[in-house]
Amino acid sequence: MSRIVTVAAAQLGPIARDEPRAAVVARMIALMREAAERSADLVVYPELALTTFFPRWLLDDAEADAFFEAEMPGPETRPLFDEAAALGVGFHLGYAELTREEGETRRFNTAILVDKAGAVVGKYRKVHLPGHAEHEPEREFQHLEKRYFEVGNLGFPVWEALGGRVGMLICNDRRWPEAFRVLGLQGVELVLIGYNTPTLNGLAFEPPHRRAFHNHLSMQAGAYQNGAWVVGVAKAGREEGVDMLGGSAIVSPNGEIVAQARSVDDEVIVAACDLDDGAFLKSSTFNFAAHRRTEHYGLIVETTGLVLPRGKAP
Ligand code: ING
């Protein structure tokens, strides 16, 4: 039996700081139409897909809030939802979420999953926020996600959608095996990940080829070790003077890259993903019930970071 979901990774090239949302949405709709022509059931967009990667600058509150969405869909994103419903495709969208919860204004780096009928079926808020909260003048460019976003408060959910079990991570989350494993323990079959990854480290030299390697290494390992498809989608290219990594990829449950973007511009790659492809791995090599031994993983002592055999707490 097979459960094919045809997935399109809709990579975006650079978005200028002053590029209107409407212009970006028009680019996204063009990619969605191409994906639909190629029989896609689902279109996956990058992290913070509607704007430039604004955490690269120190901004005042008003400047920063201009990059957030106070409603989703809002007037400027409604055309994307309408187009998706008209084409009969689902989509994933990363964006900066401004919301009110318990009387407080909250700001998150968020991703939503929208089904073929245009309903938001899932929301995830980025947990692993890289970078720093205060301006660091020694950096070539800033990475102020800890300044502009709160740590996500929705956990790592998995939803029944598109005929399978779908989860989402955002960018830096993919570097943390625990994030994939929490999804894996819920039987995830398809993990959607948007990313904005500078090709260079703002602080110290790191060869660009290594950034590209770590990007795919993280996603291929996450896919294989949890027997799930992983779709990683970049905001790529030279964006406001900073080179952003491309390399959008669709990775099979065996960790093989089955489709990869070649450009650092707007580009659609497509793969027919059989959600049953991970079943053998989940029943054998990564049969968690049969092989995982959590009782032997020891006690992680948060303060020291030491992993101690049970019963030997300091
Ligand atoms: N960007 C980068 C990412 O995790 C980064 C930041 C790059 C951290 C390389 C560590 C090493 O891909 C975002 N937005 O998380």
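The rules behind the values
Residues numbered from 1 in each chain as written. Predicted model: local features only at pLDDT ≥ 70, side-chain atom pairs only at ≥ 80, totals over all residues. Heavy atoms only, no water. Helix = DSSP H or I, 4+ residues; strand = E, 2+ residues; numbered from the N terminus. Areas by Shrake-Rupley, 256 points an atom, 1.4 Å probe, with all protein chains shown as cover. Lys, Arg positive; Asp, Glu negative; His and termini not counted. Charge placed at Lys NZ, Arg CZ, Asp CG, Glu CD. Core = buried A, V, L, I, M, F, W, Y, C linked by side-chain atoms within 4.5 Å. Buried < 20%, exposed > 50% of the residue type's maximum accessible area, 1.4 Å probe, protein only. Contact = heavy atoms within 4.5 Å. Near = heavy atom within 4 Å. Polar contact = N/O pair within 3.5 Å; in protein donor to acceptor, adjacent residues only side chain to side chain. Nonpolar A, V, L, I, M, F, W, Y, C, P; charged D, E, K, R; others polar. Pairing = 2+ DSSP bridges. Right-handed = clockwise from strand over helix to strand, strands pointing away.

Draft legend 1. A look at the overall build of the protein chain. The helix and strand inventory of the protein chain stands at eight helices and 16 strands. Along the longest, intermediate and shortest principal axes, the C-alpha atoms of the protein chain span 55 × 50 × 45 Å. Working note: accessible area of the protein chain is about 13,600 Å², and carbon and sulfur atoms make up 54% of it. Of the side chains in the protein chain, 32 bear a positive and 43 a negative charge, and the two mean positions are spaced by 5 Å.

Draft legend 2. Region of interest: the nonpolar core. Counting 44 residues, the largest nonpolar core has Leu 190, Val 191, Leu 192, Val 231 and Ile 250 as the members making the most contacts within it. Once you skip the residues sitting within four places of it in the chain, Val 231 turns out to touch Val 7, Ala 9, Val 44, Leu 190, Val 191, Leu 192, Ile 193, Ala 249 and Ile 250. Judged by nonpolar contacts, the second largest core, of 27 residues, contains Ala 10, Ile 29, Val 89 and Val 268.

Draft legend 3. Quick peek at the site of the ligand. What surrounds the ligand is a group of 13 residues, the closest being Glu 145, Cys 171, Asn 172, Arg 175 and Thr 197. Taking Glu 47, its side chain carries an N or O atom lying 3.3 Å from a nitrogen atom of the ligand. The separation between an oxygen atom of the ligand and a polar side-chain atom of Arg 174 is 3.1 Å. For the shell around the ligand, the residue count by class is three nonpolar, four polar and six charged.

Draft legend 4. Fine view of the pairing of strand 7 (residues 164–170). The buried count for strand 7 comes to six of seven residues, which makes it a mostly enclosed element. Here strand 6 (residues 158–161) pairs with strand 7 via four bridges, running antiparallel. Paired with Glu 160 across the two strands is Arg 165, which belongs to strand 7. Linking two consecutive strands that pair antiparallel, namely strand 6 and strand 7, is a turn of two residues; a positive phi of about 55 degrees is found at Leu 162 within it. The pairing of strand 7 with strand 8 (residues 190–195) spans five bridges and is classified as parallel. Bridging from a neighbouring strand, Met 168 pairs with Leu 192 of strand 8. Assessed by its sense of winding, the connection that carries the chain from strand 7 through helix 5 (residues 177–184) to strand 8 is right-handed.

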